[in-house]
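Chain by chain, the residues run as shown.
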Protein chains: 2
Amino acid sequence: LPDEIRRRHGADSLGAVARAYEEFCSRVIDIVAPLTPVVKPQSAFFEACGPEGMTALQRVLTKARQRGLITILDGKRNDIASTASAYADASLDGTRLADRRHPVWDADALTVNPYLGRDAIEPFLESARRSGRGIFVLVRTSNPGAGQFQDLLCDGRPVYVHVAEAVGQWSRENLGQCGLSDVGAVVGGQGVRGQGSGVGVLEHLRKLISEVLFLVPGFGSQGGAAQDVAAAFRDDGLGAIINSSRGIIFSFKPSDPKWELAVEAAGRETIASLARSTPMKRLLSGEEVSG
Amino acid sequence: LPDEIRRRHGADSLGAVARAYEEFCSRVIDIVAPLTPVVKPQSAFFEACGPEGMTALQRVLTKARQRGLITILDGKRNDIASTASAYADASLDGTRLADRRHPVWDADALTVNPYLGRDAIEPFLESARRSGRGIFVLVRTSNPGAGQFQDLLCDGRPVYVHVAEAVGQWSRENLGQCGLSDVGAVVGGQGVRGQGSGVGVLEHLRKLISEVLFLVPGFGSQGGAAQDVAAAFRDDGLGAIINSSRGIIFSFKPSDPKWELAVEAAGRETIASLARSTPMKRLLSGEEVSG
């Protein structure tokens, strides 16, 4: 956090830190709202401040919506049956009391873990589809140990390809006019290579599930570079959300009173580097695209 | 919820429902505290009430601890690196501000999803081991679609067996004097049969990872019966936590003013049926056991 925000709120209680997070995120949103279509708050850091953190999360999401941003709540939730519905409705369609839906986190999309299988994804899909929202299913993550289970070979294909195929199937149930669906896939962009084939995971999955929107995390900080994520896009320049979190919100020195300028510069530089190296350049240069 | 609680708090706002949950759970805890060693609050239903729900969750966990119960927070959390640490510390060791740990949910254990691999489990293990707490890793769940990814065969063994083997390895890093570890496994007790072998999953996993404590959910309501879960126990009667949630908290008619008697009866009946059909009977009958 910038020193000025830390000083104003203090850092000696969970509530103080929650309020500092809220101010910081709100000011970052003001900076990035003209630059980016989407923000992805990470639930964990708000939860770590307890109920007051959850209030801050709620306000940050509200603020982002007010600024016209699409919001992805990164919660990686998963459970079965009515429990999954409770998570899903809290994040998406709202909790139902009597005959009314009460918005809780009210995000446009939620990240979801697939380990429990389709019937555990179903309540998330239902909540998303009732309310015109979406989910992003973890397919292949880019952490060093991701391959331990995700790369196990079953019938000649790694587990994550089985998950990707399922995500492709779920997404074809509800394609939009743009040819993309309300079920996206979280796919790491860095250092992930397919088993055996030598083809990059992003490239492979982009061909396999062309109707699935990819959420590619870790750009800028986890070592991701623009050329690494180029394969996440379709030829028309659509199909991927490249997420830079730490690359933006850790872009300044805490002591810098002009930290907001650093955040803005980091945002602009991220966009420029993506534009140089990916099919996004066709969009940014004004070439016509479908969808 | 019992009508009396619903009437007192109302059900027209998320805050009202959160307060009703808190009263209900607190009174259930008073009933079951003399009967059971462990309670497992489900985070989702509190989250569905927003920040006020999280306050209720916090109070319910505090109440359970005050009554001497071990608490398992069922959050099925998962993420990588510092994000995983934030979830872990919120649930277990407390969020660190400056040099002090601030308890947030302050549970004795947390359920965790393994899809992201060991390095994503590591922060949960660290938080648990710093504070003498534990985690339960999802291994094989009992929902109808659980097999979609968990039963995929890799090297002749289903994915969930690969996860179980990893859990066994992690647990052997920190065995207690009782021969059990701080890393448990969530294993469904009903309708789950191993691939090919015909041996029940619980029976198979009990032999494979004998040092791992099993958390077996869904007893009573998801169709589980005492004979189905008997295999979760070691021969000495230890090694499993059989969890009945709906079997207890949905055991009464909402209109019954004496609903607490039904909760107590359901708790006693659960224990009695487990005692009749499982190695627990050796413990309950006073036979000496090791550990």
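Calculation notes
Residues numbered from 1 in each chain as written. Chains lettered and ligands numbered in written order. Predicted model: local features only at pLDDT ≥ 70, side-chain atom pairs only at ≥ 80, totals over all residues. Heavy atoms only, no water. Helix = DSSP H or I, 4+ residues; strand = E, 2+ residues; numbered from the N terminus. Buried < 20%, exposed > 50% of the residue type's maximum accessible area, 1.4 Å probe, protein only. Contact = heavy atoms within 4.5 Å. Areas by Shrake-Rupley, 256 points an atom, 1.4 Å probe, with all protein chains shown as cover. Disulfide = S-S within 2.5 Å. Phe/Tyr/Trp six-rings, centres within 6.5 Å; stacked < 30°, edge-to-face > 60°. Lys NZ or Arg CZ within 6 Å of the ring centre and 35° of its normal. 1 Å grid on protein atoms, 1.4 Å probe; cavity = no way out; pocket = protein on both sides within 12 Å on 5 of 7 lines; lining within 4 Å. Points joined across faces, edges and corners; volume = space filled by probe spheres on them. Axes fitted to C-alpha atoms, helices over the stretch in contact; angles between N-to-C directions. Parallel < 35°, antiparallel > 145°, perpendicular 65-115°, else oblique. Pairing = 2+ DSSP bridges.

Asks: What is the right way to read the overall build of chain A from this model?
Replies: When you go through chain A residue by residue, the secondary structure sums to 13 helices and eleven strands. Referenced to the eigenvectors of the C-alpha coordinate spread, the extents of chain A come out at roughly 55 × 50 × 40 Å. Counting all 291 residues of chain A, 58% fall into the buried class. The long-range share in chain A, meaning contacts at least 24 apart out of those at least 6 apart in sequence, stands at 69%. For chain A, the computed accessible surface area is about 11500 Å², with 51% contributed by carbon and sulfur atoms.

Asks: Hey, could you run me through the environment of glycine 176 of chain A in this one?
Replies: All names here are of chain A. Structurally, glycine 176 can be placed in the loop between α8 (159-172) and β9 (183-187). When its relative accessible area of 35% is taken as the criterion, glycine 176 is described as partly exposed. Once the C-alpha coordinates of glycine 176 and threonine 55 are considered, the two residues, 121 residues apart in sequence, prove to be 33 Å apart.

Asks: Is there a simple way to explain the state of the cysteines in this structure?
Replies: When the sulfur atoms of two cysteines share a covalent bond, that bond is a disulfide. Inspection of every chain in the model, using the stated rule, returns one disulfide over all chains. With no disulfide partner, cysteine 25 of chain A has as its closest neighbouring cysteine sulfur the one in cysteine 49 of chain A, 10 Å distant.

Asks: Which parts of the structure should I look at to understand the packing of aromatic side chains?
Replies: The geometry of an aromatic ring pair comes down to the distance between the two centres and the angle between the two planes. Residue and element names in this part refer to chain A. As enumerated under the stated definition, the model contains eight aromatic pairs over all chains in all. Their ring planes at 50° and their centres at 5.4 Å tell us that phenylalanine 252 and tryptophan 259 sit as a pair that is tilted. For the pair phenylalanine 252 and tryptophan 259, one class covers both residues: buried. One aromatic cluster in this structure is built from Phe24, Phe252 and Trp259. Positioned above the aromatic ring of phenylalanine 214 is the side chain of arginine 206, whose terminal nitrogen or guanidinium carbon lies 4.0 Å from the ring centre.

Asks: Looking at this model, I keep getting lost on empty space enclosed by the protein. Mind explaining?
Replies: Gaps left between atoms show up when a probe the size of a water molecule is rolled over them. A full pass over the atoms with the stated rule returns two cavities of 30 Å³ or more. What the largest cavity holds in volume is close to 60 Å³. Along the walls of the largest cavity sit Glu47 of chain A together with Ser43, Met54, Leu73, Gly75, Arg77, Tyr87, Ala90, Ser91, Trp105 and Leu110 of chain B, which together make up its complete lining. Those elements giving two or more residues to the lining of the largest cavity turn out to be β2 (70-77) and α5 (81-91) of chain B.

Asks: Even after reading the chapter, I still don't get the packing of helix α2 (residues 14-32) of chain B against helix α4 (residues 50-66) of chain B, so can you show me in this structure?
Replies: If you want to describe how two helices pack, look at the angle between their axes and the distance between the axes. Residue and element names in this part refer to chain B. In the contact formed by α2 and α4, the axes pass within 8 Å of each other and the chain directions differ by 10°. The orientation of α2 with respect to α4, classified from their angle, is roughly parallel. Residues Leu14, Gly15, Ala18, Arg19, Glu22, Cys25, Ser26, Ile29 and Asp30 of α2 form the contact with α4, whose participating residues are Glu52, Gly53, Ala56, Arg59, Val60, Lys63 and Ala64.

Asks: When you look at the pairing of strand β6 (residues 134-140) of chain A in this model, what are you seeing that I'm missing?
Replies: Here is the key point about a regular strand: its side chains alternate between the two faces of the sheet. All names here are of chain A. Counting buried positions along β6 yields seven of seven residues, so the element is predominantly enclosed. Pairing geometry for β6 and β9, over five bridges, is parallel. Bridged to phenylalanine 136 within β9 is glycine 184.

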